[in-house]
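Residue-level structure breakdown
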Amino acid sequence: MPDASALEEFGLEVEHENHALVTNSGSSASSKNNNHQFASFSNKKRTISPSKEQRSLLESTNVKYTKLRMNASQRPGVLKWSFLVIIVAVIIVFFNIGQEEIIDEAITAEDTEAKLNDKTYHLLRPKAKVQEDVASVVVDDKREKEEEQEEVVEVNHEQKDNNESLTQTQPAEADDNIGNSETKENEEETATAEDTTEVEEATDETLEQSAPDVDEQEMSQEEEPAASSVVQSALDEDEQEISQDVDGSFTIERLKATREAAQNLISMLEQYYNGVEQSKNMMLDSWLVPWNFDKQTNDTEKIDTDKIVMKDKIVDTMARALVTNDQKEFIIGTIGSSVAAGHDNCNFDSYERQMERTFGPVWVAAGMKLVCENAGEGGGCGDDFANQVFCIKQNVSPNIDIAHYTWTYFEVGNEHALEARESLVRWAQMLPRQPPVHVFNTFELPGKPHLPADTDAGGSLMEYTLARYYAKYGYNAFYMRSGYAKGGYDYTTAFKENEVNHFEANHVGDGYHTVTRYGENEEDPNRKSSLGVLMRNWHPGPLAFQFVADTFSYLYAKAMLEALDRIEDEMNNGKDPLDTWSAKKRKIMLKTSLPEPKVCDPLYCTVDEAPGCINYERPTYGWWGAKVEDPNDNFNPHKGEVQNWEPWLDGQEKDLWHGVPKQDQAFFEDRDDKEVCRHLDGCGAISATSQDNGSVVFRLPKQEVGLVVLCGCCGKDIATEMFLNNPDIEIRYNSQLLDPTTWDIWPNGKCVRLLKKFGAASAAAATTGHNYLSVKVQNITDPVRISHLITL
């Protein structure tokens, strides 16, 4: 076989001979003769005879040289085919050009990454328009020139992120035999990463304890589903959709879908509450500081700065959650009383569960999930706002986006109520996501009663002062009955002329509606009547809880729309929204960042970290501060002593119908989905019943102030007998025996303050390592039960 160079040489020789023939045929003729001669040459049968050597090369390749000849009759056909090929090629080119925009849209944010300022972030690409939207695509001008260098930087950046995530500490493990029962049930889900030197505070990556969500129980498929089953099935489908969505980036397509979902929700609620104006009056104006999402006036005298900064905080909260790629849940955490728990109703009808169903689809459109953690509890455990605000970091996740507070029934007549509220607002800003605190109050706005036969509108005018003082941090309070009154229904006439008090126990209807939306098609008359109850007693019924859920959903959807507008503006200006709203770029809050407190004790409410708390009651979703130490741990100062305290629960977790009204029990008792009614709250403690239990030793987290508080179970005034005046217990701090005469009952009757601060009388000095608290029982006749250990 000839090689390629030989064949190429032969081809060049043939071409050279052909060129010579054409050139020599008329080199001296005129242009006209040249044309004539060329035509003659084209039509004349001229044979090109290869040499003997060339012929042998062709024969060796099994190609007959005669096949290379082309007569005049063949040339026009070849020209036609060539022309057709060119036309087809042109059509293909134009077709591909038309597809560029479609291909551009198909590029997802995860498929394309850009680098700006040595930071990796997703490229958020809106649909390309000729020139208008060029600025909306975030690009680096030097990307093509530095592509290889950027890949190296990106790998290094990812490795750095991985290393940072690995070094974040997680909540400490509970002891296998001693400690919170919920902790033990969730050990497989909670990472163990506490150093022997110091416990770091929980961050956005903190794994959380979680109680079973009754809304996620499997529904029966054998019977015709009721409204509750239909709604739950929809929620399950939404969760499945989220789990299948592996792209966490917030693209322009997702932005548009989220906006549409939020607009649809707002439109639905405005139609349900008889128009835009009435909806605003009921759901935005019934707060201590009314919310305003209208365009701001240019009249500087009419600008309410407090309203602007308050709105900006909640809009910022929404924006950060939306654009942070690794945040999959938007968490609203509620602490409060049996009102928050939803007692005297099915748990399914509580405002938290209703809000998940109402506002949840908007977050599904954003590729996320709305989670409402309900840490409400009945009064039987003896708790109230005074001790539970210290447990904000354990009762709910430390990673909440918004905190709800509903201890308002217990605030009536208590002069320390606003101290606890202000402390909570300040501590919340020390949590990773700096959540705004929103209060739900079933009464009327302080000093502004509108409803007849309502004597609960007194309140404290200091509430208005605090709301404006902390407007920058999003703090505000919603008053349910004021919301009803602002809707325009004449409750006064109904009461005076018709003797109808809509807010008396078990009244059906609120003056605007007679049943919840999801109860409109309910066929069972008892269940439908139950879903129309406004107030069960002092507890709201399903219809009132729907209004509360609608109010929060309406407010948050409004804030989300404004957040989406701001995000889109950033994209259209060629900026990456992550540069503005990434959770990692949230400004760190220090105690010096906050203003001076108004009513709370600065010793405790002006701190850099929220308090730590271990709470044995249920439910809890977050990080426990102190930990029961392993009796055999080398750092345990009481190693070798008997340490055999045991967890205790009141048994409510076994009662499905605890806190559920009879008509709902009758409806659900034979249904497969009856678990949706179960309430999650119950009393609990770590307990000693005899001296055989010995001691319990707590390893304390890092302490900023030196505060140590024990709370007992169960009762409102149990601390005096169980701790303060109990001669059969010994309490030691770092092995030093504490003097009971230095203790006091604080912050309520079920708790005793053992140490007020570092350096207090009889207190051991603070150490550079962990501090330890031990409680030892001797000849006790009654159980000693510890429900909380609070540290700061």
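Residues numbered from 1 in each chain as written. Predicted model: local features only at pLDDT ≥ 70, side-chain atom pairs only at ≥ 80, totals over all residues. Heavy atoms only, no water.

**Digging into the state of the cysteines**
- This structure, assessed with the given rule, holds 6 disulfides.
- Each sulfur in the disulfide pair Cys-600 and Cys-605 lies 2.2 Å from the other. Looking down the S-S bond of the Cys-600 and Cys-605 bridge, the torsion is 75°, so its handedness is right-handed.
- The buried category is assigned to Cys-600, whose relative accessible area is 4%.
- Residue classification places Cys-605 among the buried positions, given a relative accessible area of 1%.
- A sulfur-sulfur separation of 1.7 Å characterises the disulfide bridge that pairs Cys-713 with Cys-714.
- Of the residues examined, Cys-713 reaches a relative accessible area of 3% and is grouped as buried.
- The connectivity of the disulfide-linked cysteines in the protein, indexed sequentially, is 1-7, 2-8, 3-6, 4-5, 9-12, 10-11. (Disulfide = S-S within 2.5 Å. Buried < 20%, exposed > 50% of the residue type's maximum accessible area, 1.4 Å probe, protein only.)

**Considering the nonpolar core**
- Ranked by internal contacts, the top residues of the largest apolar core, which has 119 residues, are Met-318, Phe-359, Trp-363 and Tyr-484.
- Considering every element that reaches this core, the biggest residue donor is helix α21 (residues 542-572), with 17 residues.
- In contact with Phe-359, not counting residues within four places along its chain, are Leu-265, Leu-370, Ser-553, Tyr-556, Ala-557 and Met-560. (Core = buried A, V, L, I, M, F, W, Y, C linked by side-chain atoms within 4.5 Å. Helix = DSSP H or I, 4+ residues; strand = E, 2+ residues; numbered from the N terminus. Contact = heavy atoms within 4.5 Å.)

**Description of the sheet that holds strand β14 (residues 729-733)**
- Taken in spatial order, the 5 strands make up an open sheet running β9-β12-β18-β14-β15, and their pairing is antiparallel. For this open sheet the edge positions go to β9 (627-628) and β15 (736-737), each flanked by a neighbour on one side alone.
- Here β14 runs beside strand β18 (residues 772-777); their pairing, made up of 5 bridges, is antiparallel. Counterpart to Ile-729 in the pairing with β18 is Val-777. (Pairing = 2+ DSSP bridges.)

**Here we look at the packing of helix α8 (residues 252-272) against helix α12 (residues 351-365)**
- For the pair α8 and α12, interaxial distance at closest approach is 7 Å and the crossing angle is 165°. The angle between α8 and α12 falls in the class roughly antiparallel. When the axes of α8 and α12 are compared, the crossing they make is right-handed. Only Thr-358, Phe-359, Pro-361, Val-362 and Ala-365 of α12 make contact with α8, whose side of the interface consists of Arg-254, Ala-257, Thr-258, Ala-261, Ala-262 and Leu-265.
- For the contact of α8 with α12, the class distribution of residues is 8 nonpolar, 2 polar and 1 charged. (Axes fitted to C-alpha atoms, helices over the stretch in contact; angles between N-to-C directions. Parallel < 35°, antiparallel > 145°, perpendicular 65-115°, else oblique. Left-handed = near helix turned anticlockwise from the far one by under 90°. Nonpolar A, V, L, I, M, F, W, Y, C, P; charged D, E, K, R; others polar.)

**Quick notes on the pairing of strand β8 (residues 612-615)**
- In β8, alternate side chains face the same way, and those of Gly-612 and Ile-614 on one face and Cys-613 and Asn-615 on the other are all buried.
- Direction of pairing for β8 relative to strand β19 (residues 784-791): antiparallel, over a ladder of 4 bridges. Each residue of the ladder has a partner; that of Ile-614, found in β19, is Leu-789.

**Quick notes on the sheet that holds strand β5 (residues 402-406)**
- Strand order in the open sheet formed by 5 strands is β4-β3-β5-β6-β7, and the pairing between neighbours is parallel. Each edge of the open sheet is held by one strand with a lone partner, namely β4 (369-376) and β7 (476-479). Mean inter-strand twist for the sheet, computed between neighbouring axes without regard to direction, equals 20°.
- Pairing geometry for β5 and strand β6 (residues 437-441), over 3 bridges, is parallel. Within the sheet, the bridge partner assigned to His-404 lies in β6 and is His-438.
- Running at roughly 165° to β4, α12 makes contact with β3 (329-336), β4, β5 and β6 of the sheet.
- Along the sheet face, helix α16 (residues 417-428) touches β3, β5, β6 and β7 and points at about 145° away from the line of β6.

**Brief notes about the packing of aromatic side chains**
- Taken as a whole and assessed by the stated rule, the structure comprises 31 aromatic pairs.
- Plain terms: the ring middles of Tyr-484 and Phe-547 are 4.5 Å apart, the flat faces sit at 40° to each other, and that makes the pair tilted. Of this pair, Tyr-484 sits in helix α18 (residues 480-485) while Phe-547 sits in helix α21; the two residues are 63 residues apart in sequence, bridging distant segments of the chain. Residue Tyr-484 shares its accessibility class with Phe-547, and that shared class is buried.
- Taking NZ or CZ as reference, Arg-357 lies 3.7 Å from the ring centre of Phe-348, over its face.
- Between the NZ or CZ atom of Arg-753 and the centre of the ring of Trp-746, over which it lies, the distance is 4.3 Å. (Phe/Tyr/Trp six-rings, centres within 6.5 Å; stacked < 30°, edge-to-face > 60°. Lys NZ or Arg CZ within 6 Å of the ring centre and 35° of its normal.)

**Here we look at the packing of helix α10 (residues 305-323) against α21**
- Orientation of α10 relative to α21, taken along the N-to-C sense of each, is 65°, at an axis distance of 8 Å. Classified by the interaxial angle, the pair formed by α10 and α21 is roughly perpendicular. In terms of crossing hand, the pair formed by α10 and α21 is right-handed. Between α10, through Lys-311, Asp-312, Ile-314, Val-315, Met-318, Ala-319, Leu-322 and Val-323, and α21, the contact on the second element is made entirely by Tyr-556, Ala-559, Met-560, Glu-562, Ala-563, Leu-564, Arg-566 and Ile-567.

**Focus on the pattern of salt bridges**
- Under the defined criterion, the tally for this structure stands at 28 salt bridges.
- One salt bridge in this structure joins Arg-421 and Glu-411, with 2.7 Å as the shortest N-O distance. Residue Arg-421 is located in helix α16, and its partner Glu-411 is located in helix α15 (residues 408-411); the two are separated by 10 residues in the primary sequence. Accessibility assignment for this pair places Arg-421 and Glu-411 in one class, buried.
- Ionic pairing is found between Asp-664 and Arg-527, a salt bridge with its closest N-O pair at 3.2 Å. Taken as a pair, Asp-664 in helix α24 (residues 662-668) and Arg-527 in helix α20 (residues 525-530) lie far apart in primary sequence, 137 residues in all. Accessibility assignment for this pair places Asp-664 and Arg-527 in one class, buried. (Salt bridge = Lys/Arg side-chain N within 4 Å of Asp/Glu carboxyl O.)

**Describing helix α17 (residues 462-469)**
- Burial in α17 covers these residues: Glu-463, Tyr-464, Leu-466 and Ala-467. Seen from one end, α17 has its buried residues packed into an arc of 165°, which puts them on one side. (Arc of directions from axis to C-beta.)

**Re the side chain of Gln-429**
- Mapped onto the secondary structure, Gln-429 falls in the loop between α16 and β6.
- For Gln-429, a relative accessible area of 2% gives the class buried.
- In this structure the side chain of Gln-429 is engaged in a polar contact, spanning 3.0 Å, whose partner is the backbone oxygen of Pro-435. (Polar contact = N/O pair within 3.5 Å; in protein donor to acceptor, adjacent residues only side chain to side chain.)

**Here we look at the pairing of strand β17 (residues 751-755)**
- Among the 5 residues in β17, 5 count as buried, and that is most of the element.
- Sheet analysis places strand β13 (residues 708-712) next to β17, joined by 4 bridges and oriented antiparallel. Its bridge partner being in β17, Val-708 is matched across the sheet by Leu-755.
- Examined bridge by bridge, strand β16 (residues 744-745) and β17 share 2 bridges and lie antiparallel to one another. Each bridged residue has a counterpart across the sheet, and for Ile-745 the counterpart in β17 is Val-752.

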